[in-house]
Amino acid sequence: MNDPVEQTRCWVKEVVIGLNLCPFARTPFEAGTIRYQTCDAATSDAVYAELIQELATFAQLSPEEAETGLFIISGGLADFGDYLDVLEDAQAALEEAGLDHMLQLASFHPDYCFEGLEDDDPANYTNRSPYPMFHLIRQDGLAAALESWPEPESIPERNVALLREMGLAAVQSLLQKCRSRSG
């Protein structure tokens, strides 16, 4: 049986940290302060409701309990367009609740495709993951991490160059390795 949390941990370790796509991921991963929550809901409305509940719960936790969070959708939002709709609604809800100064959402999906790129461009794999998921990021933690990193604005360009240099087959294989893991 597939274990979404185990597959996601593999992805964080092997892809995100292993390729240094996010230079800030290693510390919370090694400290055990990444909160992994799985959502089995199948419909967009149900996923949205569970995500809003998780945002409220996450906001109440201390950074020592959960520096960052991954909300993994194991049973829904397979369609990238549907996923983007829920992301847009959740970001609007964060703003309406006045939490956008505290929390930020980053987006990852198995079929992630940046606007203007072909589906098979390896650059899309900077945001491709084993499952649709939302990354819950504390604004304070992100600000501190960005201050300590030289030229943080260069991270996306570096990632795109790295993945394109690796090639499509290599990045697909790395993600598939994690998708094949079971609990």
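Parameters at a glance
Residues numbered from 1 in each chain as written. Predicted model: local features only at pLDDT ≥ 70, side-chain atom pairs only at ≥ 80, totals over all residues. Heavy atoms only, no water. Helix = DSSP H or I, 4+ residues; strand = E, 2+ residues; numbered from the N terminus. Buried < 20%, exposed > 50% of the residue type's maximum accessible area, 1.4 Å probe, protein only. Contact = heavy atoms within 4.5 Å. Areas by Shrake-Rupley, 256 points an atom, 1.4 Å probe, with all protein chains shown as cover. Lys, Arg positive; Asp, Glu negative; His and termini not counted. Charge placed at Lys NZ, Arg CZ, Asp CG, Glu CD. Salt bridge = Lys/Arg side-chain N within 4 Å of Asp/Glu carboxyl O. Polar contact = N/O pair within 3.5 Å; in protein donor to acceptor, adjacent residues only side chain to side chain.

This part takes up the overall build of the chain. For the chain, the count of helices and strands is seven helices and four strands. Ordered by position from the N terminus, the helices and strands of the chain form the series α-α-β-α-β-α-β-β-α-α-α. With respect to the three principal axes, the spread of C-alpha positions in the chain is 40 × 40 × 35 Å. Buried positions account for 43% of the 183 residues belonging to the chain. Taking contacts inside the chain between residues at least 6 apart in sequence as the whole, the part at least 24 apart equals 75%. In the form shown here, the chain has an accessible surface area of approximately 9,400 Å², with 50% of it arising from carbon and sulfur atoms. Charge separation in the chain, taken as the distance between the mean sites of 11 positive and 31 negative side-chain charges, equals 12 Å.

A complete count under the given rule lists five salt bridges for this structure. Close ionic contact of Glu30 with Arg26 constitutes a salt bridge, the shortest N to O distance being 3.4 Å. Within this pair, Glu30 and its partner Arg26 are both found in helix α2 (residues 26-31), separated by four residues, close to a single helical turn. With relative accessibility at 58%, the residue Glu30 sits in the exposed group. Residue class for Arg26 comes out partly exposed when judged on its relative accessible area of 44%. Across the salt bridge formed by Asp121 and Arg164, the nearest N and O atoms sit 2.7 Å from each other. On the criterion of sequence distance, the pair formed by Asp121 in the loop between β3 (103-108) and β4 (133-138) and Arg164 in helix α6 (residues 155-166) is long-range, its members being 43 residues apart. Asp121 gets classed as buried once you look at its relative accessible area, which sits at 13%. A residue is classified by how much of its surface remains accessible, and Arg164, at 42% relative accessible area, is partly exposed.

For Thr126, the position within the fold is in the loop between β3 and β4. Since its relative accessible area comes to 14%, Thr126 is described here as buried. Of the polar contacts made by the side chain of Thr126, one reaches the side chain of Asn127; its length is 2.8 Å. Contact partners of Thr126, with chain neighbours within four places excluded, come to Leu21, Phe108, Phe114, Asn159, Val160 and Leu163.

In short, geometric facts, not functional conclusions.
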